[in-house]
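What follows is the residue order along each chain.
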Amino acid sequence: MNNILYLIPARGGSKGIPGKNIKPLAGRPLIAYSIEVARQIAANKADICISTNDQQIAAVAASEGVEVPFIRPEWLATDTCGTYEVLIHALDFYQERGKKYDTLVLLQPTSPLRTADDVLGALALYTPDIDMVVSVKEAATNPYYNAYETDANGFLHISKGDGRYTRRQDAPKVWEYNGAVYVINVASLRQMRLGEFRRRRCYVMPATRSIDLDTPLDWIIAETLIKNNKL
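All of these numbers come straight from a predicted model, not from anything done at the bench.

Quick question: what am I supposed to make of the environment of Tyr203 here?
Looking at the secondary structure, you find Tyr203 in strand 10 (residues 200-204). The spatial distance from the C-alpha of Tyr203 to the C-alpha of Arg114 is 12 Å, given a sequence separation of 89 residues. With residues near it in sequence (within four places) discarded, Tyr203 still touches Asp117, Asp118, Gly121, Ala122, Leu125, Val133, Val134, Ser135, Val136 and Arg209.

Sorry if this is basic, but what is going on with the packing of aromatic side chains here?
Working definition: an aromatic ring pair is given by the centre-to-centre distance plus the angle between the planes. Applying the stated criterion across every chain yields a total of five aromatic pairs. Between Phe70 and Phe93 the ring centres are 4.7 Å apart and the planes differ by 55 degrees, which places this aromatic pair in the tilted class. Placement of Phe70 in the loop between helix 2 (55-63) and helix 3 (83-95) and of Phe93 in helix 3 is noted, with a sequence separation of 23 residues between them. The exposure class of Phe70 is buried, given its relative accessible area of 9%. Each ring, one from Tyr177 and one from Tyr182, has its centre 6.0 Å from the other, and the planes form 80 degrees; the classification is edge-to-face.

It is not clear to me how the pairing of strand 1 (residues 4-9) should be interpreted in this structure. Could you clarify?
The two faces of the sheet receive side chains in turn, since in a regular strand these alternate between them. With six of its six residues buried, strand 1 lies for the most part within the structure. Neither face of strand 1 is exposed, since Ile4, Tyr6 and Ile8 on one face and Leu5, Leu7 and Pro9 on the opposite face are all buried. Sheet analysis places strand 1 next to strand 5 (residues 103-106), joined by four bridges and oriented parallel. Within the sheet, the bridge partner assigned to Leu7 lies in strand 5 and is Leu106.

How should I be thinking about the side chain of Asp131 in this particular structure?
In this structure, Asp131 sits in the loop between helix 4 (116-125) and strand 6 (132-138). When residues no more than four places from it in sequence are discounted, the contact partners of Asp131 are Val183, Ile184, Asn185, Ser188, Phe197, Arg198 and Arg199.

In this structure, what is going on with the pattern of salt bridges? I would like to understand it.
Oppositely charged side chains can form a pair if their charged atoms are brought close together. Taken as a whole and assessed by the stated rule, the structure comprises eight salt bridges. Between Arg190 and Asp92 there is a salt bridge, and its shortest N-O distance comes to 2.9 Å. Taken as a pair, Arg190 in the loop between helix 5 (186-189) and strand 10 and Asp92 in helix 3 lie far apart in primary sequence, 98 residues in all.

So what exactly am I meant to see when it comes to the sheet that holds strand 10 here?
Adjacent strands of a sheet pair through backbone hydrogen bonds, lying either parallel or antiparallel. If you trace the six strands from one edge of the open sheet to the other, you get 4-1-5-9-6-10, paired in mixed fashion. Edge positions in the sheet fall to strand 4 (48-51) and strand 10, since each of these pairs with one other strand and no more. Across this sheet, the average inter-strand angle for adjacent strands is 30 degrees, counted without regard to direction. Taken together, the six bridges between strand 6 and strand 9 (residues 175-185) define a ladder with antiparallel strand orientation. Within the sheet, the bridge partner assigned to Val133 lies in strand 9 and is Val183. Contacting strand 1 and strand 4, helix 1 (residues 30-41) runs over the sheet at an angle of about 175 degrees to strand 1. Contacting strand 1, strand 5, strand 6, strand 9 and strand 10, helix 4 runs over the sheet at an angle of about 150 degrees to strand 10.

Rules behind the numbers
- Residues numbered from 1 in each chain as written.
- Predicted model: local features only at pLDDT ≥ 70, side-chain atom pairs only at ≥ 80, totals over all residues.
- Heavy atoms only, no water.
- Helix = DSSP H or I, 4+ residues; strand = E, 2+ residues; numbered from the N terminus.
- Contact = heavy atoms within 4.5 Å.
- Phe/Tyr/Trp six-rings, centres within 6.5 Å; stacked < 30°, edge-to-face > 60°.
- Buried < 20%, exposed > 50% of the residue type's maximum accessible area, 1.4 Å probe, protein only.
- Pairing = 2+ DSSP bridges.
- Salt bridge = Lys/Arg side-chain N within 4 Å of Asp/Glu carboxyl O.
- Axes fitted to C-alpha atoms, helices over the stretch in contact; angles between N-to-C directions.

Pasting the structure below:
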């Protein structure tokens, strides 16, 4: 598959984990894990884009062997700015310079345990007639088994189905995005946001590689897994 942009969005100013994207995780800056995966797969380093508003993050990326093509404008680095705008901004940047990509692989730095094989596995499932391949893990809560809602009277009822499943393994499997890999059809992205996609395939990853760093506890878990080689 040709004409792929590997995009790593890394905003400065994280509040949950200050300085998250360049904070050392098991001795390496967090963003280095995603850069390493991208470098293992991309045919050309010029097809790896670090989208950041932060000069420190840009410097760390350069030290990891990837030059930052632009500094993201501040209006794309606020707490309210969504991923969609960041993706379109990067695609437009390249298109204005004569480089048009058909496929975009989104690698969020907060998923440091994903491997190059995970990305290649997702790419293998992608075809140009779908909107996206997205990495998932089996959901911890199953709406057929142990997820409940309250009705108008405040009473609990099972979220989906008739509540007759007594063993989790008998209930239909459900998945949740783990944030690690998105293989996106650029034509679809220019028509609609990711949440509007209807033709989505899933690439299943184990829970051990699905840690998404959002809290200090997530950080401790990821570091423990890395140091003990439990991936």
